[in-house]
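Fold and geometry: a report
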Amino acid sequence: MVAVKEKLQLGAKASRNSTIALLFLAATKGTVGFYSGSSSLIADAIHTSMDIFTSLAVWIGLRLSLKSSGEQFHYGYYKAENLAALFVSVLILLSGVELVRGALENIKDPVKLEYQELALGAAVFSVITIYALSQYKFKIGKQIDSQALIADATHSYTDVFSSMVVVVAIIGSMLGMPWLDSAGVLVISLIIFKLGITTAKESALTLMDAWLDRDSIELIRYSVEHIPGVNKVDAIRLRRSGLVVFGEVQVESAGECDLKRVEMLSVEIEDTVKDHITNLEHISVDVKPGKISMLRIAIPVVGPDGLQSKLSLHIGKTPYYIFVDMEENKIKGWNIAKNPAADLDRKRGVKTAEYLEEQGVNVVIVKDIGEGPFHKFHDSFIRILGMPDDVEDVETLIGMIPELSVISSPTE
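Residues numbered from 1 in each chain as written. Predicted model: local features only at pLDDT ≥ 70, side-chain atom pairs only at ≥ 80, totals over all residues. Heavy atoms only, no water.

**A short note on a nonpolar patch on the surface**
Judged by side-chain polarity, Tyr131, Tyr157, Phe161 and Met164 come together as a nonpolar surface patch covering roughly 370 Å² of accessible area. For the nonpolar patch, the element with the most residues is helix 5 (residues 147-174), which contributes three residues. Examined against the element boundaries, Tyr157 turns out to sit in helix 5. Overall, Tyr157 belongs to the partly exposed group, its relative accessible area being 37%. (Patch = residues over 30% accessible without salt bridge, like charges linked within 9 Å, V, L, I, M, F, W, Y side chains within 5 Å. Areas by Shrake-Rupley, 256 points an atom, 1.4 Å probe, with all protein chains shown as cover. Salt bridge = Lys/Arg side-chain N within 4 Å of Asp/Glu carboxyl O. Helix = DSSP H or I, 4+ residues; strand = E, 2+ residues; numbered from the N terminus. Buried < 20%, exposed > 50% of the residue type's maximum accessible area, 1.4 Å probe, protein only.)

**Examining the pairing of strand 8 (residues 383-386)**
Sheet topology places strand 7 (residues 363-366) next to strand 8; four bridges connect them, and they run parallel. The partner of Val363 across the bridge, within strand 8, is Arg383. (Pairing = 2+ DSSP bridges.)

**Digging into empty space enclosed by the protein**
In total, this model carries two cavities of 30 Å³ or more according to the counting rule given. In this structure, the second largest cavity occupies an estimated 40 Å³ of space. Leu22, Asp51, Ser55, Ile130, Lys137, Asp152, His155, Ser156 and Asp159 together form the lining of the second largest cavity. Of all the secondary structure elements, the ones that give two or more residues to the lining of the second largest cavity are helix 2 (39-65), helix 4 (116-144) and helix 5. Per element, the largest residue contribution to the lining of the second largest cavity is four residues, and it comes from helix 5. The residue makeup of the lining of the second largest cavity, split by class, is two nonpolar, three polar and four charged. (1 Å grid on protein atoms, 1.4 Å probe; cavity = no way out; pocket = protein on both sides within 12 Å on 5 of 7 lines; lining within 4 Å. Points joined across faces, edges and corners; volume = space filled by probe spheres on them. Nonpolar A, V, L, I, M, F, W, Y, C, P; charged D, E, K, R; others polar.)

**As for the sheet that holds strand 5 (residues 320-327)**
Taken in spatial order, the five strands make up an open sheet running 6-5-4-7-8, and their pairing is mixed. Looking at strand neighbours, the two that pair on one side only are strand 6 (330-338) and strand 8, the edges of this open sheet. Sheet twist, expressed as the mean angle between neighbouring strand axes with direction ignored, is 25 degrees. Of the pairings in the sheet, the one linking strand 4 (residues 294-301) to strand 5 comprises eight bridges and is antiparallel in character. Counted as the bridge partner of Leu295 is Met326 from strand 5. The strands touched by helix 9 (residues 348-358) are strand 4, strand 5, strand 6 and strand 7; relative to strand 5, the strand with the most contacts, the crossing angle is about 35 degrees. (Axes fitted to C-alpha atoms, helices over the stretch in contact; angles between N-to-C directions. Contact = heavy atoms within 4.5 Å.)

Bear in mind that shape data such as this cannot, by itself, settle questions of function.
Below you can see the structure in the form of structure tokens.
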């Protein structure tokens, strides 16, 4: 939250500096235009005056976004920035209309300039200044991911072309070709219209909570689906509000899980989304327990005697494990394998738990379990069932699975 406010303050500062620079530039062009008789320079000064209101609108929008959430605005005032961006786009379109109107008037009544060198110097100064401003605002806008500031920078960038038209117009007048002004203005007006429409569309869609970056949704879905414990992703919803992003993710877990595991899984999903989305303000994670149609059960046994194998009371020391695949309480298949961790001197329990996870086990039946293997099974969504005292072989134990209790904490 602090980082977002710092970005908003940086954006507001950039808009303020831009407004001050535009005030000076508009006054300079207006004064030189008046004394030189350059109608195109005066028109450009009026155009720059409109840009002052544009920068002010962005500044106001960013300042409003800094306000804390109130009783009515539970999600903050961040969308004031998007409203400012929409307003900017309307001004861009109005600027295009104004340029077309001025071009048509110049075609009918070309103007001969006085103090041509002074007018040309003011026009060149305008091009350099506005270009520098546009790059400054674009850099800050990209840095803080501000839609309004980027839109304002784009507007300023188009103003560079309109100022270049003034330069061409003055040079054309000096060379006896005043028609160059009108032709250039008409071409630039088309560019301005396109940029204005694009900015207006993006601003309106953002205000309507549309998410425009489809690729990011697919990347998030892929990353979340590969988090251990997530069976599938049901829904991902993101919406932009000014600089920040709010979202919801609904997932199905790989089997039942307790509240602590849900919390851990939610944090992991949130961190994954943050890796793909900058300025993520809040993400709501809904974890629903998934139903497992096929169970793969691991049981420690003393020897490789199939379903008649005798049960072992140890997790890490047991020489063999039998893996039983069951569907709708019916055995679909089984196999026995040596426990690769049985001969280790240290961490036999944890290494055995890692081995069973690699085998795709989702249920393990044990007599006692230490803290290390317990947490390994728990974090991997492997259900731990307690082995009863009066059962000796695997076949009898399988028939009692519905009656077995869940081990919810280490027993040794």
